[in-house]
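Topology and contacts: notes
Residues per chain, in single letters:
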Amino acid sequence: MRLLRHLYVQVLIGIILGGVVGYVWPDFGAQLKPLGDAFVNLIKMLIGPIIFTTVVVGSPRWRWSSDSSSRMSSPRARASMRIRRL
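This report concerns the structure included in the present document. Source: prediction; values computed, not measured.

What counts, and at which threshold
- Residues numbered from 1 in each chain as written.
- Predicted model: local features only at pLDDT ≥ 70, side-chain atom pairs only at ≥ 80, totals over all residues.
- Heavy atoms only, no water.
- Patch = residues over 30% accessible without salt bridge, like charges linked within 9 Å, V, L, I, M, F, W, Y side chains within 5 Å.
- Areas by Shrake-Rupley, 256 points an atom, 1.4 Å probe, with all protein chains shown as cover.
- Salt bridge = Lys/Arg side-chain N within 4 Å of Asp/Glu carboxyl O.
- Helix = DSSP H or I, 4+ residues; strand = E, 2+ residues; numbered from the N terminus.
- Buried < 20%, exposed > 50% of the residue type's maximum accessible area, 1.4 Å probe, protein only.
- 1 Å grid on protein atoms, 1.4 Å probe; cavity = no way out; pocket = protein on both sides within 12 Å on 5 of 7 lines; lining within 4 Å.
- Points joined across faces, edges and corners; volume = space filled by probe spheres on them.
- Nonpolar A, V, L, I, M, F, W, Y, C, P; charged D, E, K, R; others polar.

A cluster of nonpolar residues, I16, V20, Y23, V24, W25, F28, L32 and L35, forms a patch on the protein surface that exposes about 890 Å² of accessible area. Here the nonpolar patch gets four residues from one element, more than from any other, and that element is helix α1 (residues 7–24). In this fold, I16 is placed in helix α1. Exposure remark for I16: the relative accessible area of 57% places this residue in the exposed category.

What follows is the structure in structure tokens.
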């Protein structure tokens, strides 16, 4: 039963059960359509805020400067870049 703790196993079981319900009881499966539509709409509502949050949280880590020497790690590489700019 430790296998049931993994999310991917639960998702696979849900997909299989959904297919079985749709095949064995197609009328009942059709009655569940509003539930499936609501679930898809909820997922669509969450995508925008997740992307926005990811961009806002990740933006301070971006390097806005054009100074490529700030990305160099060794002092020798930084000195080499300074000399090349002259």
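Looking now at the pattern of salt bridges. Two side chains of opposite charge can pair, provided their charged atoms sit close to one another. Considering all chains together, one arrives at one salt bridge under this definition. The closest approach of N and O atoms between D37 and K33, which form a salt bridge, is 2.8 Å. Note that D37 and K33 are positioned in helix α3 (residues 33–58) at a spacing of four residues, about one turn of the helix. Looking at D37, the relative accessible area reads 36%, which means it is partly exposed.

Another aspect to go through is the layout of surface pockets. Of the pockets and cavities examined, the largest pocket occupies roughly 250 Å³. With three residues, the top contributor of residues to the lining of the largest pocket is α3. Looking at side-chain class alone, the lining of the largest pocket contains three nonpolar, three polar and no charged residues.

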